[in-house]
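Residue-level structure breakdown
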Amino acid sequence: MSPLQESFLLWAGSAIFIMAVLVLVATWRFNVLVQVGIVLVGIIIVWAGLFLGLDIGYREWQRMPDPPDEAFADTAPLGMLLAGWLPGGMITITWWALLKLIEFGLLALRGRSESRLNG
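A brief report on the enclosed structure follows.

Cut-off values and rules
Residues numbered from 1 in each chain as written. Predicted model: local features only at pLDDT ≥ 70, side-chain atom pairs only at ≥ 80, totals over all residues. Heavy atoms only, no water. Helix = DSSP H or I, 4+ residues; strand = E, 2+ residues; numbered from the N terminus. Rg over C-alpha atoms; globule rule 2.2 N^0.38 Å. Buried < 20%, exposed > 50% of the residue type's maximum accessible area, 1.4 Å probe, protein only. Areas by Shrake-Rupley, 256 points an atom, 1.4 Å probe, with all protein chains shown as cover. Lys, Arg positive; Asp, Glu negative; His and termini not counted. Charge placed at Lys NZ, Arg CZ, Asp CG, Glu CD. Axes fitted to C-alpha atoms, helices over the stretch in contact; angles between N-to-C directions. Parallel < 35°, antiparallel > 145°, perpendicular 65-115°, else oblique. Contact = heavy atoms within 4.5 Å. Nonpolar A, V, L, I, M, F, W, Y, C, P; charged D, E, K, R; others polar. Core = buried A, V, L, I, M, F, W, Y, C linked by side-chain atoms within 4.5 Å.

All right, on to the overall build of the chain then. Within the chain, the secondary structure is distributed over 4 helices and 0 strands. Secondary structure elements in the chain, listed N-terminal to C-terminal, are α-α-α-α. Computed over the C-alpha atoms, the radius of gyration of the chain is 20 Å, more than 25% above the 14 Å expected from 2.2 N^0.38 for a compact globule of 119 residues. Seen through its C-alpha atoms, the chain measures out along the principal axes to roughly 75 × 25 × 15 Å. Taken over 119 residues, the chain has a buried fraction of 29%. Approximately 7,900 Å² of the chain is accessible, and the part contributed by carbon and sulfur atoms is 72%. Computed over 7 positive and 9 negative side-chain charges, the inter-centroid distance for the chain is 24 Å.

If you want it as structure tokens, here you go:
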């Protein structure tokens, strides 16, 4: 595994984990307005993780002894800086939507079981 891959997995994976925990807590503890704010913060966290992972990864890859030519094709961090909100948004909103579906499913199951007990 190259230094780029190691760095990218570390930074992006950490950012996605932090976002997932924040959105999970927000979904089950706060109202929708606060959830939307946390989702926006989550998008920024993932965006930063993707950018930092690529930027630091390319720098480490270029510092290794006898780096390959691909290590100097480092326009990916700039692309992630400009458009990283798109994958960050897709990941974060998908996670939030999945959690909301689970929440609605649990509420529906609870409603059915209560109606059976009352009727």
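So, next bit.
Contact geometry of helix α2 (residues 32-63) with helix α3 (residues 76-83) gives a least axis separation of 8 Å together with a crossing angle of 170°. Relative to α3, α2 is oriented roughly antiparallel. Contacts from Trp47, Leu50, Phe51, Leu54, Asp55 and Tyr58 in α2 reach Ala76, Pro77, Met80, Leu81 and Leu82 in α3. Grouping the amino acids of the contact of α2 with α3 by side-chain chemistry returns 10 nonpolar, no polar and 1 charged.

Bringing the nonpolar core into the picture now. Core analysis: the biggest nonpolar cluster contains 15 residues, and Leu4, Val23, Val39, Leu50, Leu54, Tyr58 and Trp61 have the highest contact counts within it. Broken down by secondary-structure element, the contributors of at least two residues to this core are α1 (3-29), α2 and α4 (85-118). The element contributing the most residues to this core is α2, with 7 residues.

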